[in-house]
Amino acid sequence: MAEPHQSKTFPVKPKLKPKPRTSKQTPESKYWSSFKTQQIPNLISVPSLTFSPSPPYSFAAAHSASISIYSSQTLSVSSTISSFSDVVSCASFRNDGRLIAASEISGLVQVFDLKSRTPLRRLRSHTRPVRFVQYPVLDKLHLISGGDDALVKYWDVAGETTLLDLQGHKDYVRCGDCSPVNMEMFVTGSYDHTVKLWDVRVTNTNSVMEVNHGKPVEDVIFLPSGGLIATAGGNSVKIWDMIGGGKLVFSMESHNKTVTSICVGRIGKDSGEESKQYRILSVGLDGYMKVFDYAKLKVTHSMRFPAPLLSVGFSPDCSTRVIGTSNGILFAGKRKIKENVENESNDFLALGSVEAPERRVLKPSYFRYFRRGQGDKPSEGDYLVMRPKKMKLAEHDKLLKRFRHREALVSVLGSKNPENVVAVMEELIARKKLLKCVSNLDVEELELLLMFLHKYSTIPRFSSLLMGLTKRVLEMRADDIRTSDALKGHIRNLKRSVEEEIRIQHSLQEIQGIISPLLKIAGRR
């Protein structure tokens, strides 16, 4: 005998169910949110942040007339350099992390030993404030600086002399960066809207290439490949292909105010393709930090801070992110990283060979033998056989499935969800059973229905259905209402709420009559 065909059951759902405003958090947003932010207060405006390129990756924050060196592990101050006569505008570590160069508003550039904190060299040539200074990535003997005198200088640090005076900018030089693949090439950005590429091997003082950002340039960086640069100015961050002749690749305009600083951050996964993915981190005066994936050309994460942001830095080991604000607070984010597996293996080799624990062989006499492989993850190309999920039905859905309409209506009236009640009523209307259910309700069940009508019949979402139902209930159950004092009380409350709603609608119509002529007059102008 054939099995009876089992029809598919659909639960009753409310039509007017609100949707969440925010979407689910993406894996990349979870990664950037995993940096637990800690505030470092009691500083003055922080225009510059830089990380040491060598372990343990300390970072320096320039504030007022001093530079504070912080540990990236503990986020505490390890030392402070205060041998400045004016405000410090920028700082840069040498590639071995032993020396740090700093520029002042007075026009002086100094080189310090981090251990002794004493100035080793004083470079005097700029006549106006120096806004940026940087060591080339692969060079320990030279410095690059630029300032408000519109000059870019290439220094011999040992001899405290200027090797090149590069002229080409027509306004303040505010930023610059050195090529990660060539120590003779660097870029500078100026308030004349241009970014220039320089090569110290060229005999004349002209730039090799020039691009126009369109707004005063606040920051410029080389991307890790060395062939692309990113510029920040106005409310946009632009990417340029320098190998392709200075071609504009993309313009990211996600900030509402001026973008003040940008840097490169890497996804800090331990292994796999994701560990090689780089992102551009940008901060602006609107208080937002944006993470931009320049491979997919889209913003992947955004974070708001309670102050205008001036500088941003990201550690080479992907464990620390630091943001400097205009009110002197550092927002330092720390993320836990896994210990290097190679170091652990070296430690085991140093201690001697360690035998792996013997694994028990599963036999058919074990219960685990029949459940083996259930925790394995499917590999690429596997065909997955999905077990259909069992649908959980609410009590009123079960009663509707068994055609017990009156009991389904009473059951849902006892709940506190008006959307479900209206959904069940609409289902009963579709089955042409709602009025029959109302006529079969006893006094206590009718009281539940009148309480619901009193509470929700004047709400605009439900009024189109419930007002008509209220009228039919009063016509059908008039005799029961007259004999019950409790039902009379609910009817009085229902009448008051309807009268109040009518009064509100009259007031709104009067206001609309006053406003509509004013809107017509304003539209003519």
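Fair warning: this is a prediction, and the values are worked out from it, not measured in the lab.

## Points about the overall build of the chain
In step 1: Helices and strands together make up the secondary structure of the chain, namely ten helices and 28 strands.
In step 2: Projecting the C-alpha coordinates of the chain onto the three principal axes gives extents of approximately 110 × 90 × 45 Å.
In step 3: The buried share of the chain, taken over its 525 residues, is 43%.
In step 4: Of the contacts formed within the chain by residues at least 6 apart in sequence, a portion of 46% connects residues at least 24 apart.
In step 5: Summed over its atoms, the accessible surface of the chain is roughly 30,900 Å², and 52% of this surface lies on carbon and sulfur atoms.
In step 6: Charge centroids of the chain, computed over 76 positive and 55 negative side chains, lie 7 Å from each other.

## Remarks on the pairing of strand β3 (residues 59-63)
In step 1: For β3, the buried fraction is high: five of the five residues fall into the buried class.
In step 2: Residues of β3 alternate between two faces, with Phe59, Ala61 and His63 on one and Ala60 and Ala62 on the opposite face, all of them buried.
In step 3: Where strand β2 (residues 48-51) meets β3, four bridges bridge the pair, whose relative direction is antiparallel. Bridge pairing links Ser48 to Ala62 in β3.
In step 4: Bridge count for β3 against strand β4 (residues 66-70) is five bridges, and the pairing is antiparallel. Bridged to Ala62 within β4 is Ile67.
In step 5: Joining the antiparallel neighbours β3 and β4 is a turn of two residues, in which Ser64 adopts a positive phi near 55°.

## Details of the UniProt feature "domain: U3 small nucleolar RNA-associated protein 15 C-terminal" (unreviewed entry) in the chain
In step 1: The feature "domain: U3 small nucleolar RNA-associated protein 15 C-terminal" (unreviewed entry), as annotated in UniProt, sits at residues 377-518 in this numbering.
In step 2: The span residues 377-518 is 75% helical and 0% strand by assignment, and the distance between its end C-alpha atoms comes to 67 Å.

## Looking at the pattern of salt bridges
In step 1: Counting across every chain of the model gives 17 salt bridges.
In step 2: Linking Lys196 and Glu210 is a salt bridge whose minimum nitrogen-to-oxygen distance equals 2.5 Å. Placement of Lys196 in strand β16 (residues 194-199) and of Glu210 in strand β17 (residues 209-212) is noted, with a sequence separation of 14 residues between them.
In step 3: Assessed through its relative accessible area of 44%, Glu210 is described here as partly exposed.
In step 4: Because the salt bridges share partners, they merge into one network encompassing Glu28, Arg279 and Asp293.

Cut-offs applied
Residues numbered from 1 in each chain as written. Predicted model: local features only at pLDDT ≥ 70, side-chain atom pairs only at ≥ 80, totals over all residues. Heavy atoms only, no water. Helix = DSSP H or I, 4+ residues; strand = E, 2+ residues; numbered from the N terminus. Buried < 20%, exposed > 50% of the residue type's maximum accessible area, 1.4 Å probe, protein only. Contact = heavy atoms within 4.5 Å. Areas by Shrake-Rupley, 256 points an atom, 1.4 Å probe, with all protein chains shown as cover. Lys, Arg positive; Asp, Glu negative; His and termini not counted. Charge placed at Lys NZ, Arg CZ, Asp CG, Glu CD. Pairing = 2+ DSSP bridges. UniProt positions renumbered as here; feature names shortened; annotations may be inferred. Salt bridge = Lys/Arg side-chain N within 4 Å of Asp/Glu carboxyl O.

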